[in-house]
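Reading the structure
What follows is each chain in one-letter form.
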Amino acid sequence: MKALTQGRYLGRDGEAALFDLGRGDTLAVRILESDIGRVTLKPQDGYRLDRGWSIAPGGLEPPYEGRRRDDHSGFSCPRTEITADDDKVVIEGAGLSAVVTLAPFGIAWHREGEDRPFLQDRATQAYLVSPRTGALAHYMARDERERHYGLGDKAGPLDRTGRRFAIDAVDPCGFDAELSDPLYKMLPFFIVDGPAGAHGVYYDNLSTGSVDFGCTLDNYHGLFRSWKGDDGDLDYYVLAGPTVPDVVRRFSWLTGGQAFAPLWSLGFGVTSMAIADAPDADARISDFIGKLEAHRIPCDSFHFGSGYTQIGHRRYAFNWNRDKFPDPRATMRRLNDAGIFTVANLKPCLLDDHPRLKETLDGGFLVKDGQTAQPAVAQFWDGLGFHLDFTHPQGRVWWRDGIETALLDYGFATVWNDNNEYEIWDEDAVCDGDGRPFRQALARPAQPLLMTKLSYEAQGARQPGKRQYAVTRGGCAGISRYAQTWSGDNETAWKTLRYNLTQGLNMSLSGMFSIGHDVGGFHGPTPGPELFVRFNEFCSLWPRMVMNSWNEDGVVTLPWMYPEMVPQVREAISLRYRLMPYLYTLMWRASRDGTPAVRPLLWDFPQDAEAVRTDDAFMLGPDLLVAPVLEEGARERSVYLPRHEGGWHDWHTGRHFAGGAVATVPAPLGRLPVFVRAGALIPLGDPAGIGDLREILVCGLVEGATGELYEDDGETVDWRGAGGTLIRVRVRDGEIEIHQEGADAPFIDRIAIRNLGEGV
């Protein structure tokens with residue numbers, strides 16, 4: 001690679017400052033908002049990929065063909081003042097400034113009123129490019145006191161300092177939640193928090209690469225962190241913060257926010273490859289419905305594994321195995337009559353003997369080998385196959401027709417976009433690009449994003465008055481605009497609990513707010529009774545709670561797999577439904593304001609050093625601290641409770657604990673340790689998941705305390721407007737006041753008041 005160390009100021013381009021870095025490369029520095037800056041490097045012959053799909057400021061949806069890289073619509077682009085002298089250039093605008101040193105070339109970013117930069121390029125060789133391979137690198141100075149978060153679904157501890165991660169995506173079935181890398185998503189966004197406050201950096205580059213948070217030490221350069229792209233363009237956004245919540249909310253805004261899914265998607269759900277794979281799959285589903293009723297387990301969704309598409313042992317998108325499902329519509333009706341919504345697993349690769357392969361070959365809408373013009377071959381389940389190209393208009397039409405005629409027409413409610421990491425390793429693979437082809441290596445994760453968008457829009461067209469819900473495993477920044485996601489095919493191991501927790505927290509900090517983990521673990525040995533119960537407890541208060549398995553011995557993970565543990569499993573699920581009004585309100589906030597429901601303690605208690613270090617518990621909204629049991633054999637749980645005036649209370653007993661200290665509570669099987677912030681006013685529902693019971697849990701009358709409850713019909717599209725009701729609760733003069741805003745008719749006729757300790 002060649003270092004770009006000498007810059008020459010070229011002048012203004014509107015509100016941007018342009019610099020010649022040699023070789024004909026032009027670097028532009030822009031201020032897009034009072035807290036967002038942008039740096040782009042444009043080669044002499046143009047961008048290597050002139051578009052992207054992740055940037056959607058304020059929800060400004062990019063078209064299928066992508067958003068042009070030079071498009072600044074959706075940003076306020078404030079007026080800037082640019083001053084230049086012989087050795088530096090200063091760009092100032094709307095509270096943000098960039099100081100550009102020309103030799104050696106580097107950029108330092110400042111917030112208004114702060115002398116110290118919050119982000120500064122490494123003083124030595126900050127930018128490198130490879131004319132031969134197209135690779136890029138960006139190096140930044142690093143303070144040893146800084147902490148690093150983000151990168152999406154990466155494994156390991158909450159603070160990622162000292163590690164190096166691949167920006168890549170594979171199908172790591174049964175992955176190690178502490179060590180495996182890469183996983184499913186490609187998301188080069190990270191947050192730096194330290195003495196200069198917090199800031200974020202997002203690289204709008206969809207090629208493979210890496211991010212290094214201090215794993216590499218080099219005596220010639222001081223402490224640094226870096227991003228490297230194997231190809232594509234240097235195009236990064238600087239989010240000024242100055243707090244972690246500021247950065248997360250702004251990144252969510254930048255990439256289009258989180259889709260607000262219908263209420264049923266937050267309920268408990270079940271899937272298993274083994275059920276749909278079984279020869280008597282239809283009978284097993286009927287048995288499943290019966291056992292739910294017998295064991296009094298509430299369930300809102302059943303997710304069909306891909307076995308419904310089988311011919312022999314291989315799987316074929318849009319095919320129905322009529323031996324296992326003689327009447328698919330009748331199967332769906334049985335589930336719907338039980339109050340269960342259905343979700344169809346769908347994979348974007350067509351095996352080389354797919355019954356409808358000729359249609360795709362004749363249409364020419366598979367990802368191609370650019371050398372032969374034939375479909376690019378990829379290894380997939382059970383053999384070789386070819387991936388649909390979602391950047392091809394005819395391919396999208398064909399795929400959408402399949403969704404409508406083979407899935408939605410039969411009664412499926414939505415699509416689970418799975419195995420969509422697009423592991424096409426052919427370096428000559430080419431995508432149509434809506435008539436402007438590009439190499440697949442430049443934008444692999446755009447394919448799962450567009451796949452998910454298409455499924456989301458297909459449902460929207462079918463039911464235009466209802467909010468839609470999609471699921472995806474793969475993707476990049478922007479997938480939250482359409483879908484819920486999860487941590488993937490986790491291992492059935494105790495260690496999984498510990499590191500799925502921090503994995504999920506980093507997903508939340510990366511703008512993916514509707515997330516969860518496979519209950520019980522997806523792959524490995526069948527979980528024993530204790531691990532199974534602890535998995536249910538652990539997963540019960542994440543936005544997604546779906547029991548999903550493919551155990552090595554073929555045993556299906558279901559709520560009643562251990563009869564002696566059914567009461568404990570039911571208790572964990574009941575806790576979820578008891579808190580459903582609170583969770584639903586938090587998810588409404590997540591979509592409206594970019595505030596995640598699940599977040600690390602550092603989010604709410606940034607001034608408490610011990611809370612910042614805590615990564616074995618999480619906050620559910622501002623009022624609940626959740627401390628799952630993560631160790632085998634444990635029957636009590638100790639956790640640090642942040643400093644808070646009034647302290648905390650045990651959810652189960654009402655016992656009071658002071659803040660700023662470690663608390664220890666009993667944790668028998670079936671009891672998830674939860675602590676309530678003193679003064680909290682928390683909306684509650686029916687633990688059985690039925691009816692419209694609403695109560696407000698009062699955790700000590702604290703003058704001026706507030707709470708809120710968002711209510712709608714669970715599916716309205718107009719959730720930002722008149723379709724919903726916001727109920728505000730306040731303590732005033734020692735009394736509970738309830739005030740309604742929004743819809744003319746209340747969704748809830750009566751709200752009871754319950755004091756903590758009376759039994760929740």
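Residues numbered from 1 in each chain as written. Predicted model: local features only at pLDDT ≥ 70, side-chain atom pairs only at ≥ 80, totals over all residues. Heavy atoms only, no water.

Section: helix 6 (residues 393-407)
With 15 residues, helix 6 should cover 21 Å at 1.5 Å per step; its first-to-last C-alpha distance of 21 Å lies within 8% of that length. Those residues of helix 6 lying buried are Gly395, Arg396, Trp398, Trp399, Gly402, Ile403, Ala406 and Leu407. Burial along helix 6 is one-sided: seen end-on, the buried residues are contained in an arc of 165°. Residues of helix 6 that are buried sit in contact with strand 27 (341-346), strand 28 (349-351), helix 5 (357-363), strand 32 (414-417) and helix 7 (446-462). (Helix = DSSP H or I, 4+ residues; strand = E, 2+ residues; numbered from the N terminus. Expected span 1.5 Å × (residues − 1). Buried < 20%, exposed > 50% of the residue type's maximum accessible area, 1.4 Å probe, protein only. Arc of directions from axis to C-beta. Contact = heavy atoms within 4.5 Å.)

Quick word on the UniProt feature "domain: Glycoside hydrolase family 31 TIM barrel" (unreviewed entry) in the chain
UniProt records the feature "domain: Glycoside hydrolase family 31 TIM barrel" (unreviewed entry) for residues 259-586 in the present numbering. Helix makes up 35% of residues 259-586 and strand makes up 18%, while its end C-alpha atoms are separated by 13 Å. (UniProt positions renumbered as here; feature names shortened; annotations may be inferred.)

Some words on the pattern of salt bridges
For the structure on display, the rule yields 65 salt bridges. Note that Asp50 is salt-bridged to Arg51, the shortest N-O span being 2.9 Å. With relative accessibility at 22%, the residue Asp50 sits in the partly exposed group. Among the ionic pairs, Lys466 bridges to Glu715, the shortest N-O distance being 3.8 Å. Separated by 249 residues along the polypeptide, Lys466 in the loop between helix 7 and strand 35 (470-472) and Glu715 in the loop between strand 52 (706-711) and strand 53 (725-732) bring together distant segments of the chain. By relative accessible area, which is 29% here, Glu715 ends up partly exposed. Counted as one network, the salt bridges with shared partners bring together Asp171, Lys347, Asp418, Glu421, Arg473 and Asp489. (Salt bridge = Lys/Arg side-chain N within 4 Å of Asp/Glu carboxyl O.)

Considerations on unusual backbone geometry
Residue Pro104 follows Ala103 across a cis peptide bond; omega there is -10°. As for its position among the elements, Pro104 is in the loop between strand 10 (96-102) and strand 11 (105-111). The amide bond that connects Asp181 to the next residue, Pro182, takes the cis arrangement and shows omega of 5°. In this fold, Pro182 is placed in the loop between strand 16 (164-167) and strand 17 (185-186). Phi angles above zero are rare outside glycine, and Cys77 is one such case at about 45°. According to the relative accessible area criterion, Cys77 is partly exposed, its value standing at 30%. Phi at Gln125 takes a positive value of approximately 50°, unusual for a residue other than glycine. Taking the relative accessible area as the measure of exposure, Gln125 reaches 36% and is therefore partly exposed.

Side note on the UniProt feature "domain: Glycosyl hydrolase family 31 C-terminal" (unreviewed entry) in the chain
Under the UniProt annotation, "domain: Glycosyl hydrolase family 31 C-terminal" (unreviewed entry) lies at residues 594-682. Across residues 594-682 one finds 10% helix and 35% strand; the C-alpha atoms that close the span lie 20 Å apart.

Re the packing of aromatic side chains
Two aromatic rings are characterised by how far apart their centres lie and by the angle between their planes. Taken as a whole and assessed by the stated rule, the structure comprises 48 aromatic pairs. Ring centres of Phe318 and Trp399 lie 4.7 Å apart, and the angle between their planes is 65°; this geometry places the pair in the edge-to-face category. Of this pair, Phe318 sits in the loop between strand 26 (314-315) and helix 4 (328-337) while Trp399 sits in helix 6; the two residues are 81 residues apart in sequence, bridging distant segments of the chain. Through a chain of ring-to-ring contacts, the aromatic side chains of Phe288, Phe302, Phe304, Tyr308, Trp320, Phe325, Tyr410, Phe412 and Trp560 assemble into a single cluster. Positioned above the aromatic ring of Phe165 is the side chain of Arg160, whose terminal nitrogen or guanidinium carbon lies 5.3 Å from the ring centre. (Phe/Tyr/Trp six-rings, centres within 6.5 Å; stacked < 30°, edge-to-face > 60°. Lys NZ or Arg CZ within 6 Å of the ring centre and 35° of its normal.)

Section: the layout of surface pockets
Of the volumes computed, that of the largest pocket is approximately 580 Å³. Together, 27 residues line the largest pocket, and Leu263, Met580, Gly689, Gly691 and Arg694 are the ones closest to its centre. Going through the elements one at a time, helix 11 (580-593) and strand 52 are the ones with two or more residues in the lining of the largest pocket. Ranked by residues supplied to the lining of the largest pocket, first place goes to helix 11 with three residues. Within the lining of the largest pocket, the residues separate by chemical class into 14 nonpolar, five polar and eight charged. Around the second largest pocket, the lining comprises 26 residues; the ones closest to its centre are Gly256, Gln258, Ala259, Arg481 and Arg720. (1 Å grid on protein atoms, 1.4 Å probe; cavity = no way out; pocket = protein on both sides within 12 Å on 5 of 7 lines; lining within 4 Å. Points joined across faces, edges and corners; volume = space filled by probe spheres on them. Nonpolar A, V, L, I, M, F, W, Y, C, P; charged D, E, K, R; others polar.)

Re the pairing of strand 20 (residues 209-212)
Both faces of strand 20 are covered, namely the face carrying Gly209 and Val211 and the face carrying Ser210 and Asp212. Here strand 16 runs beside strand 20; their pairing, made up of four bridges, is antiparallel. Among the inter-strand pairings, Ile167 is bridged to a residue of strand 20, identified as Gly209. (Pairing = 2+ DSSP bridges.)

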